[in-house]
Amino acid sequence: MIYPPQAISDQSYDAIVIATLISHESLLKQLIDLGVDKDKINFDYVIFPVKARVMFLEKLAVTFNEKRIEGCVAEGGVFQGDFAREINRVFPDKTLYLFDTFTGFDQRDIAKERSSGFSQYEEGHLNTTSEEIVRGRLLYPNKAIIKKGFFPQTAQGIDERFCFVNLDFDLHDPILAGLEFFYPRMVTGGAILVHDYFNPGYRGVKVAVDSFAKESNVTPTPIGDGISVVIYR
Ligand SMILES: C[S@@+](CC[C@H](N)C(=O)[O-])C[C@H]1O[C@@H](n2cnc3c(N)ncnc32)[C@H](O)[C@@H]1O
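Basis of the calculations
Residues numbered from 1 in each chain as written. Predicted model: local features only at pLDDT ≥ 70, side-chain atom pairs only at ≥ 80, totals over all residues. Core = buried A, V, L, I, M, F, W, Y, C linked by C-beta atoms within 7 Å. Buried ≥ 20, exposed ≤ 12 C-beta atoms within 10 Å, placed from the backbone. Helix = DSSP H or I, 4+ residues; strand = E, 2+ residues; numbered from the N terminus. Contact = placed C-beta atoms within 7 Å. Near = placed C-beta within 6 Å. Nonpolar A, V, L, I, M, F, W, Y, C, P; charged D, E, K, R; others polar. Pairing = 2+ DSSP bridges. Right-handed = clockwise from strand over helix to strand, strands pointing away. Domains from an automatic or database assignment. Axes fitted to C-alpha atoms, helices over the stretch in contact; angles between N-to-C directions. Parallel < 35°, antiparallel > 145°, perpendicular 65-115°, else oblique.

Q: How would you summarise the nonpolar core if you had to cite specific residues and measurements?
A: The biggest cluster of nonpolar side chains holds 51 residues, and the ones touching the most others in it are Val-73, Leu-98, Ile-175, Ile-192 and Val-194. By residue number, the principal contributor to this core is helix 6 (residues 172–182), which donates six residues.

In structure tokens form, the structure reads like this:
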């Protein structure tokens, strides 16, 4: 049976399993607003990919530190800083570049998403954040350089080498621009992680990665979280 959310109060159940990463936080809020006991809400299915990705990052940092791999770290698409915090935590000595509009999706990217049928998100989606929120979440905020605005414009003039980059822009154009900007600037052995490659909600990400991979003769490799791929230099 499929019930509307409001019918939950009439049902008896042992647990409610949230099985979609997309909008999982608003689903949680909706359930709590409907009076569901938080202890009965099971998040394992969506939390596993998050934990697996953090574990990948932690072990990558161990390897990079052992091999003394130099270079800055970066994230493209920061939102409220969940993963930026992890990058900053595991690479406390490295300069961390953070790129985001901090006003959500930009009209220039959205127009392409819609005309290509990749996604149907609105301009301004994911705008509930700020530089201050992100900086406040970092363990070593003095290591962060925040580049607010439209990527790739915000990358202009950056003359650095990178060892780790997380691309999490969700959309085709900034993902492709991110690969084109960062890949030539990666140190040997450096890693670009791309989130949402296997996410059917953001189809443009896979299209962007696949076209870059073909052009550059690189192989995107799944990392075991069910959603991301890594490209090594
Ligand atoms: C899914 S969120 C990032 C999530 C984040 N990595 C985390 O760990 O929670 C995607 C972010 O990409 C940003 N974004 C999308 N296109 C962009 C562009 N062209 N330039 C700058 N930021 C962009 C959005 O503003 C949004 O904050």
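Q: Could you give an account of the environment of Leu-193, naming the residues involved and the relevant values?
A: Along the polypeptide, Leu-193 turns up in strand 7 (residues 186–194). Taking C-alpha positions, Leu-193 is 6.1 Å from Val-165, a pair spaced 28 residues apart along the chain. Once residues within four sequence positions are removed from consideration, Leu-193 is found in contact with Asn-166, Leu-167, Ser-228 and Val-230.

Q: Tell me about the site of the ligand, residues and numbers included.
A: Taken together, 22 residues lie around the ligand, and Gly-77, Phe-79, Phe-83, Phe-151 and Asp-168 are the ones closest in. Sorting the residues of the shell around the ligand by element identifies helix 3 (82–90) and strand 4 (96–100) as the ones contributing at least two each. By residue class, the composition of the shell around the ligand is 11 nonpolar, four polar and seven charged.

Q: Describe the pairing of strand 4, naming the residues involved and giving the relevant values.
A: Extensive coverage of strand 4 is indicated by the burial of five of its five residues. Neither face of strand 4 is left uncovered, since the one carrying Leu-96, Leu-98 and Asp-100 and the one carrying Tyr-97 and Phe-99 both have all their residues buried. Across four bridges, the pairing between strand 3 (residues 72–76) and strand 4 is parallel. Paired with Ala-74 across the bridge in strand 4 is Tyr-97. A crossover connection joins strand 3 to the parallel strand 4 through helix 3; in handedness this β-α-β unit is right-handed. Pairing geometry for strand 4 and strand 5 (residues 144–148), over five bridges, is parallel. Within the sheet, the bridge partner assigned to Leu-98 lies in strand 5 and is Ile-146.

Q: Provide a residue-level description of the domain arrangement of the protein chain, including the pertinent values.
A: Assigned domains of the protein chain: these are domain 1 (5–42) and domain 2 (50–232). Using only C-alpha atoms to locate each centre, domain 1 and domain 2 end up separated by 31 Å.

Q: Report on unusual backbone geometry, specifying residues and quantitative values.
A: In this structure, Pro-152 follows Phe-151 across a cis peptide bond, with omega equal to 20°. Examined against the element boundaries, Pro-152 turns out to sit in the loop between strand 5 and strand 6 (162–167). Unusually for a residue other than glycine, Phe-79 sits at a positive phi of about 50°. For Phe-79, a count of 19 C-beta atoms within 10 Å translates into the label partly exposed. The backbone phi angle of Leu-126 is positive, close to 70°, even though this residue is not glycine. Summarising the element assignment, Leu-126 is placed in the loop between helix 4 (107–116) and helix 5 (131–137). With 17 C-beta atoms packed within 10 Å, Leu-126 lands in the partly exposed category.

Q: So what's going on with the sheet that holds strand 4? Residues and values would help.
A: Ordered by their spatial adjacency, seven strands build an open sheet running 5-4-3-6-7-9-8, and the pairing between neighbours is mixed. Where the open sheet ends on each side, the last strands, each with one partner, are strand 5 and strand 8 (221–222).

Q: Mind laying out the packing of helix 4 against helix 6, listing which residues take part and the relevant values?
A: Between helix 4 and helix 6, the least distance of the axes is 8 Å, while the angle of their chain directions is 115°. Judged on the interaxial angle alone, helix 6 and helix 4 are roughly perpendicular. Across the interface between the two elements, Asp-109, Lys-112, Glu-113 and Ser-116 from helix 4 touch His-172, Asp-173 and Pro-174 from helix 6. Of the residues assigned to the contact of helix 4 with helix 6, the class counts are one nonpolar, two polar and four charged.

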